[in-house]
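# Inside the fold
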Amino acid sequence: MQPIIIFLLSLVIILFLTAKLRVHPFLGLILTSVITGVLAGEASGTIDAITSGMGKVFSNFAIIIAAGSIIGLILHRTGGARLIASDIIRISKKPLFGLNILGFIFAVPLMCCILAYVIFIPVAREIKLRDGLPKVLTASVLVFGTLASYNLIYPSPVVYSAVSELGINNSNILIPGIIIAFIVSIVGYLYATKFCSTGDMSSFIIDNETENEDMKIPGRITAYSPIAIPVALILADVFTNIPLFDILGEPDMALLIGVVMAMLFAYRQYTFDSVRLWVEKAIKRSGVVILDMCGGGALGATLAMTGVGQEMGTLLSGLPLPAILVPFLIAVAIQSVQGSRVVTMLVAPSIVIPLVPVLGLPPEIVLFSMASGTFLISHFNDPFFWIYKDLAEVETSEVLRSYTLGGVVMGITSLTLTGIAYLLFY
């Protein structure tokens, strides 16, 4: 069977299982992965692909997700996240816009849009509860800010390797990348406020009022330290060459330090048993998120095994399209198949670079065209899709409407801005 047909069938199957039959995402993703491998004629290698895809995701994100979940739940139960949300509301006057900028600022320094989302989703949750906002709205304005900067601004891992492969001077793309990314982030924010403002908040408001009736709002050091210290350690590792930060600044280690700080501060006001129960609940929640992510990794690995990414790239490169669309669509095809933005920008240049003389585009425009394609089309094989869904506590259909369609709008905006820059400056 043709790889592209297998790819389309896999999307239909996973959508039918998770959205129509409401099969748990992990089980639906694994079943779809098995079917994909069999249809590709790779039955013997399917299990290996599934386990390797799951293992890669687990090793990269298990500690981050578990630690972030513990920090978030402790901050929520102790009132720390409420204090941070109050400060954002007071300082920015527009808390949703403040969330968007928060994600935009930290995604690149943290070198991971997922990590930025995990760290700041407790703040988004408290703003949601405080103002009675739809849960998908606060999560989406945060996630769109992280995606905008992470996909477009050097030295994000998404663009870093492509800069070297295309022979671009990083000073030539830093400022344009920031400008394009900021506008794209604003467009994402506007999309969220316009199309992600639905949902019933009653159960969450009740939960906020009854979960911890003895809650005492902590001091700012107690509230901010479990978030600020890990962020500072990670940034120190990125921007310095001090050996100590090679260990302490690793995201896994930094967030574990945040966990210890959050627990120690909590012990000052609450009993050991209370904090232990919060940690256990957070770990159970994170387990669901991690399983869903591993399922996405399995699907991405089996789809990559079919060779559909290369086939799509070859097909698109031979079509009579406007030059600026070719790198964009090749990146879209690869992103749709395997789900990782970093992998997309590792694979896409190998297909696009031989075409650059024919396309006649400056390398900077080629890069931003490909980077624009990483916004599309993020779906079930994207680990961030499931992190967004589970931590924001929204349905799969809401994720498709907000995260997936919002990414399409942001990607098209980014491509449009890239085209304008090409017309004006090249």
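Just so we're clear, the structure is a prediction, and the values are computed from it rather than from any experiment.

Conventions and cut-offs
Residues numbered from 1 in each chain as written. Predicted model: local features only at pLDDT ≥ 70, side-chain atom pairs only at ≥ 80, totals over all residues. Heavy atoms only, no water. Helix = DSSP H or I, 4+ residues; strand = E, 2+ residues; numbered from the N terminus. Rg over C-alpha atoms; globule rule 2.2 N^0.38 Å. Buried < 20%, exposed > 50% of the residue type's maximum accessible area, 1.4 Å probe, protein only. Contact = heavy atoms within 4.5 Å. Areas by Shrake-Rupley, 256 points an atom, 1.4 Å probe, with all protein chains shown as cover. Lys, Arg positive; Asp, Glu negative; His and termini not counted. Charge placed at Lys NZ, Arg CZ, Asp CG, Glu CD. Salt bridge = Lys/Arg side-chain N within 4 Å of Asp/Glu carboxyl O. Axes fitted to C-alpha atoms, helices over the stretch in contact; angles between N-to-C directions. Left-handed = near helix turned anticlockwise from the far one by under 90°. Nonpolar A, V, L, I, M, F, W, Y, C, P; charged D, E, K, R; others polar. Core = buried A, V, L, I, M, F, W, Y, C linked by side-chain atoms within 4.5 Å. Phe/Tyr/Trp six-rings, centres within 6.5 Å; stacked < 30°, edge-to-face > 60°.

## Quick notes on the overall build of the chain
When its secondary structure is counted, the chain shows 21 helices and 0 strands. Taking 2.2 N^0.38 as the reference for a compact globule, 426 residues should give roughly 22 Å; the C-alpha atoms of the chain span a radius of gyration of 21 Å, in line with that estimate. Its C-alpha atoms put the chain at 65 × 50 × 45 Å along the principal axes. Within the chain, buried positions represent 57% of all 426 residues. Within the chain, contacts between residues separated by at least 24 positions form 81% of all contacts whose residues are at least 6 apart in sequence. Total accessible area on the chain is roughly 17200 Å²; 69% of this is exposed by carbon and sulfur atoms. When the 23 positive and 26 negative side-chain charges of the chain are each reduced to one mean point, those points stand 9 Å apart.

## Overview of the pattern of salt bridges
The final tally for this structure, using the stated rule, is 5 salt bridges. Salt-bridge contacts for D382 lead to R341; the nearest nitrogen and oxygen are separated by 3.4 Å. Here the residue D382 occupies a position in the loop between helix 19 (363-373) and helix 20 (383-392), and R341 occupies one in helix 17 (residues 341-352), the gap between them amounting to 41 residues. Each of the two residues, D382 as well as R341, counts as buried. Counted as one network, the salt bridges with shared partners bring together D273, R276 and E280.

## As for the packing of helix 9 (residues 171-195) against helix 21 (residues 396-425)
Here helix 9 crosses helix 21 at 145°, and the two axes come no closer than 9 Å. Of the two possible hands of crossing, helix 9 and helix 21 adopt the one that is right-handed. Contact with helix 9, carried on its side by I180, I183, V184, V187, G188, Y191 and F195, involves R401, S402, L405, G406, V409, M410, T413, S414, L417 and T418 of helix 21 and no other residues of that element. In terms of residue class, the contact of helix 9 with helix 21 is made up of 10 nonpolar, 6 polar and 1 charged.

## Observations concerning the nonpolar core
Judged by nonpolar contacts, the single largest core of 131 residues is most densely connected at Y117 and I387. Tallying contributions element by element places helix 6 (residues 113-131) first for this core, with 12 residues. Among all residues touching Y117, those that are not within four sequence positions of it are A139, L142, V143, T146, F384, I387, Y388, L391 and A392.

## Concerning the packing of aromatic side chains
Tallied over the entire structure, the rule returns 16 aromatic pairs. Taken together, a centroid distance of 6.1 Å and an interplanar angle of 35° make the contact between Y117 and Y388 tilted. Within this pair, whereas Y117 is found in helix 6, its partner Y388 is found in helix 20, the two being separated by 271 residues in sequence. Look at Y117 and you get buried, because its relative accessible area is 0%. Relative to F195, the ring of Y191 lies with its centre 5.0 Å away and its plane at 35°, an arrangement referred to as tilted. Pair noted here: Y191 and F195 are both in helix 9, with a separation of 4 residues, about one helical turn. Y191 gets classed as buried once you look at its relative accessible area, which sits at 10%. Using a relative accessible area of 44% as the deciding quantity, one classes F195 as partly exposed.

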